[in-house]
Amino acid sequence: MSDIYINDWPPFSPQDQNRRRNVLEAARLMVNAAMTAPNAGGVPQVEAHIVHGYKEQMALARKMEEMASWNPVMDRLFKYEAVMVRESDCVLLFGDFRAAETPMDASCGGCGGRGDCSFVYERRTTALGQIDMTQPRRDVFVDGPLCTVRVGDLGFAMGAAVFMGHRLLVDTRPFATVGMAAKQLGYCPDSPIVVGVLVAALAKNPYVDINTDYHLHNQSKLIDSVRKQYSLARQAGADYRLSDPGYDRWRERVREKRQREAGGRPARPDQQDKEE
Amino acid sequence: MAVYDGSQMAQEQLLEVAKLCAQAVLKSPQITGKLKFHLKIVTGEDLEPIMSALAALGKIDLFNMASAMCWTRTYYEGRPPVLLLIGANARHSDLHWNCGACGFRTCGEFNRYAAETKPEPLLMGDGPTCHWLNLDFSAACCYACATAWTHNVTNRIEIATGMAARHIGYLPECNYSLGLPLGPCEDLYWYSRSAFQDLVSYDLYMNNFIEAFPHHFAAFYGSGKNEIKWKDEWWKGPKHRGLEPPRDPAVIRSLFEEAREEVEKARQKKEALDARRKETGA
């Protein structure tokens, strides 16, 4: 019999990895839920990744921070949610590889309000109804227009994953920014639109109760501040073998306590030594 | 103490599950945090105008008729499902993310196009649609489905029912809606649809199949004749069966007009029911 010790601190330590492995099991089930989610016509269209590990999560978070400057409106979303990527146990990525290249062709009107699919096809390079996606646009986060039905199906996949996560009592939330950054890094390579689902099983849900300026003031930053400040603060100390003000102060407290207990009389020296 | 009819109780419980599904929609996590849902729960005779509209829309698209057949059968068997309608308006975006997914460079361009473009009649969705709101909408619908599933209530999220209901006046604030039939109390009623099979003959089914997948029925490609094995003794000819010619646009227009008129009648029926309910205070 072996003992599996679990403690979420320090992050990525062996005891924390034991915990993260459990979350990975939940994440795998979440992906399966997404793969079997309801969709229009039962058409296979979803690709997924489970991204985990210090290096991988940091790379994704850094890309999000880089992308913050690309779009002022999303600046804070990217920055705040990059912190959440760092704090997560793993990241699920879901893409719909049919959303641009092979639409539903159901003339639903969702893309442009017309009773055909012309809105999408007119804005693409096509031949005989085949959409050429060999040279996607790079100047936007998402190379649209996309098929509304396909994106809706991706939403069902995302919803199923999150629903499963909640059933398994892990904290989880879907994010646009995570998907956009993951796409830039090459995840879900066949999908024009990618959604990120963050997953964690920590004492505190990392996706709620977010203070302002979160990219500047968060747990990692505060801990780092302790490391930074304390290094300086300890330099006021002297050689503890020769001089120790804290020890002196402690002896003084003990003496005072004994005096109070003895009704104000000084404690006997022999008793004082023994207790100390 | 009392003895209850279990089947009757199960039928009555469908309404309670519909309420739980509505809660699931409202509770579902969102990417945007900005999507507002509009929900209706439709029961009993109020389902009739929706079934009529579905049948009318079935003249345009077969999948509407499939839904109409399933609804009608179980309704007239005396075990009507409860319908949860889930709608939202994703035709306007105040995200300002300018992500490009909709096909426009900015949310402003998207909103201008939406304001200037009147959707055509009888669409499944009145586009354009903001895809991030669309994702949130679908995830919420998935929450409703999963909630029904965990309560052992057969269900199937449907574009058809949502569209039919919207076209007769439900959820007027929404550009898109889906319908979630809950019940009847049996396993997977909305799948392996025997009601639908009664409508579609073997020949019609196989004809559609050959048209959709001609390569599956193709003979030797190298002959240069693209021969299709379209019947049992296909080698006896005629050998060169091409695809069916496109339907006459005039016929399609006429069917569309018929559907519009019938949907309008269904709308009037719904309004009459609404008025009666108002009078009686029900």
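Everything below is about the structure shown above.
First things first, this report covers the structure right here in the doc.

Scoring rules and cut-offs
Residues numbered from 1 in each chain as written. Chains lettered and ligands numbered in written order. Predicted model: local features only at pLDDT ≥ 70, side-chain atom pairs only at ≥ 80, totals over all residues. Pairing = 2+ DSSP bridges. Helix = DSSP H or I, 4+ residues; strand = E, 2+ residues; numbered from the N terminus. Axes fitted to C-alpha atoms, helices over the stretch in contact; angles between N-to-C directions. Buried ≥ 20, exposed ≤ 12 C-beta atoms within 10 Å, placed from the backbone. Left-handed = near helix turned anticlockwise from the far one by under 90°. Contact = placed C-beta atoms within 7 Å. Nonpolar A, V, L, I, M, F, W, Y, C, P; charged D, E, K, R; others polar. Parallel < 35°, antiparallel > 145°, perpendicular 65-115°, else oblique.

## Describing the sheet that holds strand 2 (residues 82-88) of chain B
Residues and elements named next belong to chain B.
- What the three strands build is an open sheet, ordered 1-2-3; its pairing is antiparallel. Bordering the open sheet on either side are strand 1 (37-42) and strand 3 (176-182), each of which pairs with just one other strand. Pairwise comparison of adjacent strand axes, ignoring direction, gives a mean angle of 20° for this sheet.
- Inspection of the sheet shows strand 1 paired to strand 2 by six bridges, in the antiparallel sense. Bridge pairing in strand 2 places Leu 39 opposite Ile 86.

## Examining the environment of Glu12(B)
Residue and element names in this part refer to chain B.
- Mapping Glu 12 onto the fold places it in helix 1 (residues 6-27).
- Its 12 C-beta neighbours within 10 Å are what place Glu 12 among the exposed residues.
- The sequence separation of Glu 12 and Val 82 amounts to 70 residues, and the corresponding C-alpha distance is 9.5 Å.

## Describing the packing of helix 1 of chain B against helix 5 (residues 131-150) of chain B
Residues and elements named next belong to chain B.
- Close contact between helix 1 and helix 5 brings their axes to 8 Å; oriented N to C, the two are set at 145°. Read as a crossing pair, helix 1 and helix 5 show a hand that is right-handed. Of the residues in helix 5, those touching helix 1 at Val 17, Leu 20, Cys 21, Ala 24 and Val 25 are Ala 140, Tyr 143, Ala 144, Thr 147 and Ala 148.
- Looking at the contact of helix 1 with helix 5 residue by residue, the class counts come to nine nonpolar, one polar and no charged.

## As for the interface of chain B and chain A
- In this complex, chain B contributes 39 residues to the contact, which on the side of chain A involves 40 residues.
- A total of 14 residues in the side of chain B that touches chain A trace back to one element, the largest contributor, which is helix 5 of chain B.
- Of the residues assigned to the side of chain B that touches chain A, the class counts are 23 nonpolar, 12 polar and four charged.

## Quick word on the packing of helix 2 (residues 47-57) of chain B against helix 6 (residues 159-167) of chain B
Residues and elements named next belong to chain B.
- Two elements in contact, helix 2 and helix 6, have axes separated by 9 Å at closest approach and are oriented at 110°. Viewed along their axes, helix 2 and helix 6 adopt a mutual orientation that is roughly perpendicular. Across the interface between the two elements, Ile 50, Ala 53, Leu 54 and Leu 57 from helix 2 touch Ala 160, Thr 161, Met 163, Ala 164, Ala 165 and His 167 from helix 6.
- Counted by class, the contact of helix 2 with helix 6 contains eight nonpolar, two polar and no charged residues.

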